[in-house]
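# Chains, contacts and geometry: an overview
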Amino acid sequence: MTLKQLVYITAVLVSLSACKVGKRYVQPELNLPENFRGDTLTYQQDTIAFAQVSWRDFFNDPQLIALIDTALVNNYDMRTALKNIEIANRNLRQNKLEYLPSVDGNIATVNRQFRSKDFYSNPSSKWYSESGEEAPDNLFQYQSQFSAGLEFSWELDIWGRIAHQQDALKSDFLDSYEAKNAIQTRLIADVAKGYFNLIMLDAQIEVAKRNLLLNDSTLRMIRLQYDAGEITALAIQQTESQRLVAASLIPELEKEIALQENALNVLIGEMPNVVTRGFKIDSLMNTENSITLGAPLEIIRNRPDIKRAEYALIAANAEMNLRQIMRYPQLSLSGVLGTNAMLPKNWYNIPGALLGGFAGGLTTPIFRNGRLKNQWEVAKIEREKTELELQKTVMEAVHEVSNAVITVEKQKEQIELTRRRVENSELAVRNASLLFMSDYATYLEVITAQSNALSSELALVDIRQKQLEAYVDLYRALGGGWQETTETVE
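What you see is a predicted model, and the numbers here were worked out from it, not measured in a lab.

### A word on the overall build of the protein
Per the secondary structure count, the protein includes 10 helices and 7 strands. The 490 residues of the protein split such that 40% are buried. In the protein, once contacts between residues fewer than 6 apart in sequence are set aside, the share between residues at least 24 apart is 83%. As presented, the protein carries roughly 27800 Å² of accessible surface, and 55% of it is formed by carbon and sulfur atoms.

Dropping the structure here:
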């Protein structure tokens, strides 16, 4: 084959490589609503979509931010996700080299063929190939070959096989990146919730200790009246029982605090230790009214799980196209260039020892018992399943946001009612104490008022902590948590 013919054939084959076979990916219809159910936040000028708020701006407490920073560096799930990104990136970069031919170097090859000494009397005897210097005693040297050179092979991507593989590998890379983002959003939410629970437990133990002091004061007053003969020993016993209820809360809460600190240390990748606190429970988070939920369409570009579902669909689409390409003819080129001689002294005798060759191959499947067609049909069905999974993920995300919005709004009402309940119970404790000292109320009314005050204060702390968790759930449901900077909506 002349050089002109080779150039011509190569040009034709390269032009054929533009014929990419397969169905181009198009994002399916996701049937998103116009608004989230329960959304009472109206869009105004200079408002910011909730999901676009950086987590550093979302939380107020510097100690919480420090814990999250440590978790993002030390958490083992995060570190594993970063390794997965590195692997996917390497695979993607390697795929870009698939368009080039592969070349192998044959540095030096010495091949000797031997025949048995009775070859001529017994022609059916076998040949032998060895690399030794001397022929064995029962053999004589028949032929030697000394060669060196380069061999190449090149599969021409006529139907776009490599391009579709690149689509799949790119989807894998982006999926690994979004997997890291998903781990980060979950990790930030878990650290925040653990920290909020720790602050809540601190507030509850303060309530328990304060009520214990109040019970001690009441018990002293009851004992004075008992000594004066105004009440019976039953009053002391019941008041002491009420005091023990408040006292027993303290070791239980101390245990829960230690366990919560250990759980936080696991998340941030450190050994068990005391966790430093920052602000009180009322000042842990920014929840101004200048924040809007944004449109449901925005969760597609914000939520890592939706992005991962779409990348899986892109990969399934590429796999379907690859299965279709397997049914088409495949073209490949191969060649060799080097030297070859029968004697070592002639190894590099140029041009006499030059060896060169070029070949082209065309292979096409004819009959494979229907396997190739079946694999293509199955790949199409798998793609349809992946598309359904994407639509399901989007639907669940919308429901998750709606549930979080409703929870936040209803817990605002609960906090207001519980705050009024605490105020009322505190007033009842003061009035019961005054009435008891004036003989207008019994000790049972005092004990009951104090018990109600304790449960009301603990309930208020608990509902505040749940509201903070609800805001975190809403933030994560909208796709927030992986942004480092806040995007301003104009």
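Still to come is the rest of the account.
### Notes on the nonpolar core
Counting 66 residues, the largest nonpolar core has Phe59, Leu474 and Leu478 as its most contacted members. No other element matches helix H5 (residues 161-227), which puts 17 residues into this core. With 14 residues, the next largest nonpolar core counts Leu219, Ala235, Ile236 and Ile447 among its residues.

### Here's the deal with the pattern of salt bridges
Scanning all chains against the criterion turns up 22 salt bridges. In this structure, the salt-bridge partner of Glu86 is Arg90, at a minimum N-O distance of 3.9 Å. One end of the pair, Glu86, and the other, Arg90, are both in helix H4 (residues 76-95), 4 residues apart, so they sit about a helical turn from each other. According to the relative accessible area criterion, Glu86 is partly exposed, its value standing at 38%.

### A few points about helix H8 (residues 304-325)
Compared with the 32 Å implied by 1.5 Å per residue over 22 residues, the 31 Å span of H8 between its first and last C-alpha is a close match. For H8, the buried fraction is high: 16 of the 22 residues fall into the buried class.

### Quick notes on the packing of H5 against helix H10 (residues 443-477)
Axis separation between H5 and H10 bottoms out at 10 Å; the angle between their running directions is 170 degrees. Viewed along their axes, H5 and H10 adopt a mutual orientation that is roughly antiparallel. By residue class, the composition of the contact of H5 with H10 is 17 nonpolar, 8 polar and 8 charged.

### Thoughts on the side chain of Ser425
Within the fold, Ser425 resides in helix H9 (residues 371-437). Judged by relative accessible area, which is 5%, Ser425 ranks as buried. Among all residues touching Ser425, those that are not within four sequence positions of it are Ala449, Asn452, Ala453 and Ser456.

### Structural notes on the packing of H5 against H8
Packed helices, taken two at a time, are described by the angle their axes make and the gap between the axes. Packing of H5 against H8 brings their axes to within 8 Å, and their N-to-C directions diverge by 165 degrees. One element, H5, and the other, H8, form an angle in the roughly antiparallel class. Handedness of the H5/H8 crossing: left-handed. Looking at the contact of H5 with H8 residue by residue, the classes come out as 11 nonpolar, 6 polar and 6 charged.

### A word on H9
With 67 residues, H9 extends 94 Å between its outermost C-alpha atoms, agreeing within 8% with the 99 Å of an ideal straight helix rising 1.5 Å per residue. Looking one or two places after H9, you find Asp439, whose phi comes out positive at around 65 degrees.

### Looking at the packing of aromatic side chains
Under the criterion given, the structure shown has 3 aromatic pairs. Geometrically, the ring pair formed by Phe58 and Phe59 is edge-to-face, given 4.9 Å between the ring centres and 75 degrees between the ring planes. Looking at Phe58, the relative accessible area reads 1%, which means it is buried. Here the aromatic cluster, defined as three or more aromatic residues joined through ring pairs, consists of Phe58, Phe59, Phe196 and Tyr475. Taking the ring centre of Tyr177 as reference, the NZ or CZ of Lys180 above it sits at 5.1 Å. It is Lys380 that lies over the ring of Trp376; its NZ or CZ is 4.2 Å from the centre.

### Section: the confidence of the model for the protein
Averaged over every residue, the pLDDT of the protein is 77; residues scoring 70 or more account for 70%. Low pLDDT, under 50, characterises residues 486-490; the predicted model gives this stretch 15 contacts beyond four residues in sequence or across chains.

### Thoughts on the environment of Lys373
Topologically, Lys373 is positioned in helix H9. Each C-alpha atom, one on Lys373 and one on Gln324, is 7.8 Å from the other, the two residues being 49 residues apart in sequence.

### Some details on the environment of Thr418
Its location among the elements puts Thr418 in helix H9. Here Thr418 falls in the buried class, since its relative accessible area comes to 13%. C-alpha separation for the pair Thr418 and Val461, spaced 43 residues apart in sequence, amounts to 9.5 Å. With near-sequence residues (within four places) excluded, Thr418 lies in contact with Ser456, Ala459, Leu460 and Ile463.

### A look at the environment of Leu213
Among the structural elements, Leu213 can be located in helix H5. In the structure, Leu213 is positioned 33 residues away from Ala246 in sequence and 9.4 Å away in space, judged by C-alpha atoms.

How each quantity is defined
Residues numbered from 1 in each chain as written. Predicted model: local features only at pLDDT ≥ 70, side-chain atom pairs only at ≥ 80, totals over all residues. Heavy atoms only, no water. Helix = DSSP H or I, 4+ residues; strand = E, 2+ residues; numbered from the N terminus. Buried < 20%, exposed > 50% of the residue type's maximum accessible area, 1.4 Å probe, protein only. Contact = heavy atoms within 4.5 Å. Areas by Shrake-Rupley, 256 points an atom, 1.4 Å probe, with all protein chains shown as cover. Core = buried A, V, L, I, M, F, W, Y, C linked by side-chain atoms within 4.5 Å. Salt bridge = Lys/Arg side-chain N within 4 Å of Asp/Glu carboxyl O. Expected span 1.5 Å × (residues − 1). Axes fitted to C-alpha atoms, helices over the stretch in contact; angles between N-to-C directions. Parallel < 35°, antiparallel > 145°, perpendicular 65-115°, else oblique. Nonpolar A, V, L, I, M, F, W, Y, C, P; charged D, E, K, R; others polar. Left-handed = near helix turned anticlockwise from the far one by under 90°. Phe/Tyr/Trp six-rings, centres within 6.5 Å; stacked < 30°, edge-to-face > 60°. Lys NZ or Arg CZ within 6 Å of the ring centre and 35° of its normal. pLDDT = per-residue confidence, 0-100.

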